[in-house]
Amino acid sequence: MIKVHKDFEAIPRHLNQKSAKKQTLAAIAAQDGNMYVRNYKHSSVKTALSEIYHHKCAYCESTITHSAPLQVEHYRPKADVDKKDLQIGEIHKGYYWLGNEWSNLLLACQNCNGKGAKGNRFPIAGVRLLNHPNDVAHYSILHEAMLAEMPLLLNPELVDPLDHLYLDQDGFMHGKSDCGDISIEVYNLNREGLRTRRQTIINQFFRALNNQLIELFNPLEPLTPDQFQRQMNLVFKKLFAGRKPSVEYSFVYINIISNFDSILLPLIEQEFQPIINRSFQIYIQTQIP
Ligand SMILES: [Zn+2]
């Protein structure tokens, strides 16, 4: 998960139409979030979200494909809140006033968003808003009453997930905060398919670095120190290119770079670690403008 930039003022056309507003008023009158039908998942909304999210899931960063199509996800669930997240005896009909609300819509894959994952989960640490307070300002999830709920699920449009999550060398995600820990559990971010894809990226760079070491110590034709650094620069260049938000699992590349000592270096045989680390430091220095 990485931070994304969303312009909350650039509302897609189909969320601003009269029909969308009518639906919202009807859902509020009936207190029923199931009354939203077409507008929030219209292609204009999907296209806008796909551009913002670079065709990746907001939570796990898997690229959305035909086999795993995109879904417009309601950050605050529109028609129900899972009992697990409510106080005993508390009844919640869902955030039925946010079905067509641009600030409440994200792009997610079925594995993060479906049953057994986020579904209707919405744990909070603050004061739960149970009903619509009859004030249009409350349509935005940036309203102070919404923020006072203190959601415990990371929303990459509002916070930087790097402040809440980190990766280990096996591709497991860990929390740096309650919000991070709970998001890993609710979005199911350590599911095996996802973990192995993250580990594959880590291993790919481990092998690339190791291959350069083999060349450096090749008894027949060893690389000179300059040749070695040039080769290593090519590997590091690929690693740094992975930070682009359009790259699938860019969070992994960002973590490898910022936690090089704990993710990639321990995979290298101990006696060669100083050589690799020195080469990495040389590369970083050439990147500073
Ligand atoms: Zn996902």
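Cut-offs and rules
Residues numbered from 1 in each chain as written. Predicted model: local features only at pLDDT ≥ 70, side-chain atom pairs only at ≥ 80, totals over all residues. Helix = DSSP H or I, 4+ residues; strand = E, 2+ residues; numbered from the N terminus. Buried ≥ 20, exposed ≤ 12 C-beta atoms within 10 Å, placed from the backbone. Contact = placed C-beta atoms within 7 Å. Axes fitted to C-alpha atoms, helices over the stretch in contact; angles between N-to-C directions. Parallel < 35°, antiparallel > 145°, perpendicular 65-115°, else oblique. Nonpolar A, V, L, I, M, F, W, Y, C, P; charged D, E, K, R; others polar. Domains from an automatic or database assignment. Core = buried A, V, L, I, M, F, W, Y, C linked by C-beta atoms within 7 Å. Arc of directions from axis to C-beta.

**Concerning the overall build of the chain**
Point 1. Check the secondary structure of the chain and you find 11 helices and 4 strands.
Point 2. For the chain, buried positions account for 35% of its 289 residues.
Point 3. Long-range contacts, defined here as pairs at least 24 residues apart, represent 69% of the contacts in the chain between residues at least 6 apart.

**Section: the environment of lysine 115**
Point 1. Take lysine 115: it is sitting in the loop between α4 (110–113) and α5 (144–147).
Point 2. Since 8 C-beta atoms lie within 10 Å of it, lysine 115 is described here as exposed.
Point 3. Here the alpha-carbon distance between lysine 115 and proline 12, two residues 103 residues apart in the chain, equals 28 Å.

**Here's the deal with the packing of helix α8 (residues 225–241) against helix α11 (residues 273–287)**
Angle between the axes and distance between the axes: these two values describe a pair of packed helices.
Point 1. Where α8 contacts α11, the two axes come as close as 10 Å, and the packing angle between them is 70 degrees. Classed by the angle they form, the pair α8 and α11 counts as roughly perpendicular. Taking contact as the criterion, the partners of Gln229, Met232, Asn233 and Phe236 in α8 are, on α11, Ser279, Phe280, Ile282 and Tyr283.
Point 2. Among the residues making up the contact of α8 with α11, the classes are represented as 5 nonpolar, 3 polar and no charged.

**Section: helix α6 (residues 178–186)**
Point 1. Every buried residue of α6 is listed here: Cys179, Gly180, Ile182, Ser183, Ile184 and Val186.
Point 2. If you follow the buried residues of α6, they end up packed against β3 (165–167) and β4 (173–175).
Point 3. After α6 finishes, the residue asparagine 188 shows a positive phi value of roughly 60 degrees.

**Quick notes on the domain arrangement of the chain**
Point 1. Taken domain by domain, the chain holds domain 1 (13–157) and domain 2 (192–287).
Point 2. Once you take the C-alpha centre of each, domain 1 and domain 2 turn out to be 39 Å apart.
Point 3. Each partner contributes residues to the interface: domain 1 has 6 residues there, and domain 2 has 7 residues.
Point 4. Residue classes in the side of domain 1 that touches domain 2 are distributed as 1 nonpolar, 3 polar and 2 charged.

**What to know about unusual backbone geometry**
Point 1. For glutamate 61, which is not glycine, the phi dihedral falls at a positive 65 degrees.
Point 2. Take glutamate 61: it is sitting in the loop between α3 (43–52) and β1 (71–74).
Point 3. Phi at methionine 150 is positive, roughly 50 degrees, even though this residue is not glycine.
Point 4. By the secondary structure assignment, methionine 150 is in the loop between α5 and β3.
Point 5. Residue class for methionine 150 comes out partly exposed when judged on the 13 C-beta atoms lying within 10 Å of it.

**Section: the nonpolar core**
Point 1. One finds Cys57 and Tyr59 to be the most contacted residues of the largest nonpolar core, which totals 63 residues.
Point 2. Taken together, domain 1 (13–157) and domain 2 (192–287) each give at least three residues to this core, which thus spans both.
Point 3. What tyrosine 59 contacts, discounting residues up to four positions off in sequence, is Met1, Ala108, Cys112, Tyr187 and Leu189.

**Observations regarding α3**
Point 1. All buried positions along α3 are accounted for by Val45, Lys46, Ala48, Leu49 and Ile52. In an axial view of α3, the angular spread of the buried residues amounts to 165 degrees, which keeps them on one side of the axis. More than 90 degrees from the buried face of α3, the exposed residues found are Ser43, Thr47 and Glu51.

**Observations regarding the packing of helix α7 (residues 192–216) against α8**
Point 1. It is at 10 Å that the axes of α7 and α8 come closest, and there the two elements cross at 175 degrees. One finds that α7 runs roughly antiparallel with respect to α8. Two secondary-structure elements touch here, α7 through Phe205, Ala208, Leu209, Gln212, Glu215 and Leu216 and α8 through Phe228, Gln231, Met232, Val235 and Leu239.
Point 2. A class-by-class count of the residues in the contact of α7 with α8 yields 8 nonpolar, 2 polar and 1 charged.

**Details of the environment of asparagine 100**
Point 1. You can see asparagine 100 is positioned in the loop between β1 and β2 (105–108).
Point 2. Owing to 27 C-beta atoms within 10 Å, asparagine 100 belongs among the buried residues under this scheme.
Point 3. Sequence spacing of asparagine 100 and isoleucine 88 is 12 residues, and the spatial spacing of their C-alpha atoms is 29 Å.
Point 4. If we skip the residues at most four places from it in the chain, asparagine 100 touches Leu15, Ala20, Gln23, Thr24, Tyr36, Asn39 and Tyr40.

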